Amino acid sequence: EADNMKHLVWHIEKAIACTARKSKELGAEKPLEKIIFITDYEGFSLSNAPPMSTSKLTLHILQNHYPERLYRAYVNNPPFVFKAFWTVIKPFVDPVTKEKICFLTGKNALQPLHDSAENVEHLEPAVGGTATKEFVSKDYLSLPFDVGFDE
């Protein structure tokens, strides 16, 4: 569980560094600070679900250490069990954070995500994007900390 949390924090910090560098390159007076999380639950099952303690710790880290970083969290293809799980953890989620979580289900499920994306070319096909670059962990980890894999 501790390694999962280190992994989470590393990726959040990398996203912050990438956003700061990119906004500076684009001439922003102050760096953009919001992050969008996209999670696709295609193929999810209870056998690969994290324990409740991991989920609570994730929420704790996001709410207490990155309280205003989240712009939106998109949850694509949430299975029924996830919706039940959400009902259980929802009381532990800060009301402001709760409003930032968007479940993508149904015929036009991806529209809110597409509306907020500057360019669907940066989104993976699983969420209706057209990005074609294959993710390779080794290549990603060798990049400078403030560079995303799709740049």
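Everything numeric in this text was worked out from a predicted model, so none of it was measured.

Conventions we followed
Residues numbered from 1 in each chain as written. Predicted model: local features only at pLDDT ≥ 70, side-chain atom pairs only at ≥ 80, totals over all residues. Heavy atoms only, no water. Helix = DSSP H or I, 4+ residues; strand = E, 2+ residues; numbered from the N terminus. Buried < 20%, exposed > 50% of the residue type's maximum accessible area, 1.4 Å probe, protein only. Contact = heavy atoms within 4.5 Å. Areas by Shrake-Rupley, 256 points an atom, 1.4 Å probe, with all protein chains shown as cover. 1 Å grid on protein atoms, 1.4 Å probe; cavity = no way out; pocket = protein on both sides within 12 Å on 5 of 7 lines; lining within 4 Å. Points joined across faces, edges and corners; volume = space filled by probe spheres on them. Nonpolar A, V, L, I, M, F, W, Y, C, P; charged D, E, K, R; others polar. Expected span 1.5 Å × (residues − 1). Phe/Tyr/Trp six-rings, centres within 6.5 Å; stacked < 30°, edge-to-face > 60°. Lys NZ or Arg CZ within 6 Å of the ring centre and 35° of its normal. Polar contact = N/O pair within 3.5 Å; in protein donor to acceptor, adjacent residues only side chain to side chain.

**Q** Explanation requested: the overall build of the protein chain in the structure shown.
**A** The number of helices and strands found in the protein chain is 6 helices and 3 strands. The helix and strand sequence of the protein chain, counted from the amino end, reads α-β-α-β-α-α-β-α-α. With respect to the three principal axes, the spread of C-alpha positions in the protein chain is 45 × 35 × 30 Å. Relative to its 151 residues, the protein chain shows a buried fraction of 27%. Sequence-distant contacts in the protein chain: of pairs separated by 6 or more residues, those separated by 24 or more amount to 72%. Summed over its atoms, the accessible surface of the protein chain is roughly 10200 Å², and 57% of this surface lies on carbon and sulfur atoms.

**Q** Hey, could you run me through empty space enclosed by the protein in this one?
**A** One simple way to see leftover space: roll a probe sized like a water molecule over the atoms. Summed over all chains, the structure comprises 1 cavity of 30 Å³ or more. Here the largest cavity defines a volume of roughly 110 Å³. In terms of lining, the largest cavity is formed by Ile-12, Ile-35, Phe-37, Leu-62, Gln-63, Tyr-66, Pro-67, Arg-69, Leu-70, Thr-97 and Lys-100. Put simply, the parts of the chain that give the lining of the largest cavity at least two residues each are strand E1 (35-40) and helix H2 (52-65). The residue inventory of the lining of the largest cavity, partitioned by class, reads 7 nonpolar, 2 polar and 2 charged.

**Q** Is there a simple way to explain H2 in this structure?
**A** It helps to recall that an α-helix has 3.6 residues per turn; residues three or four apart then point in one direction. Between its first and last C-alpha atoms H2 spans 20 Å; for 14 residues at 1.5 Å apiece the expected length is 20 Å, and the two agree. When we look at burial in H2, the residues that qualify are Thr-54, Ser-55, Leu-59, Ile-61 and Gln-63. Buried residues along H2 sit against helix H1 (2-25), helix H3 (80-89) and helix H4 (95-99).

**Q** Help me understand the packing of aromatic side chains in this model?
**A** For any pair of aromatic rings, geometry is given as the distance between the ring centres together with the angle between the planes. As enumerated under the stated definition, the model contains 7 aromatic pairs in all. The interplanar angle of 70 degrees and the centroid separation of 5.6 Å between the aromatic rings of Trp-10 and Phe-145 together place this pair among those described as edge-to-face. Of this pair, Trp-10 sits in helix H1 while Phe-145 sits in the segment after helix H6 (137-142), and the two are 135 residues apart along the sequence. Trp-10 gets classed as partly exposed once you look at its relative accessible area, which sits at 31%. For the ring pair Tyr-41 and Phe-44, a centre distance of 5.3 Å and an interplane angle of 80 degrees mean the geometry is edge-to-face. Site record: aromatic cluster; members linked through ring pairs are Trp-10, Phe-135, Tyr-140, Phe-145 and Phe-149. Just above the ring of Tyr-140 sits the side chain of Lys-14; from NZ or CZ to the centre is 5.1 Å.

**Q** When you look at the side chain of Arg-21 in this model, what are you seeing that I'm missing?
**A** If you trace the backbone, Arg-21 turns up in helix H1. For Arg-21, a relative accessible area of 16% gives the class buried. One polar contact links Arg-21 to Glu-25, side chain to side chain, over a distance of 2.6 Å. Sequence-distant contacts of Arg-21, defined by excluding residues within four places in its chain, comprise Asp-146, Val-147, Gly-148 and Glu-151.

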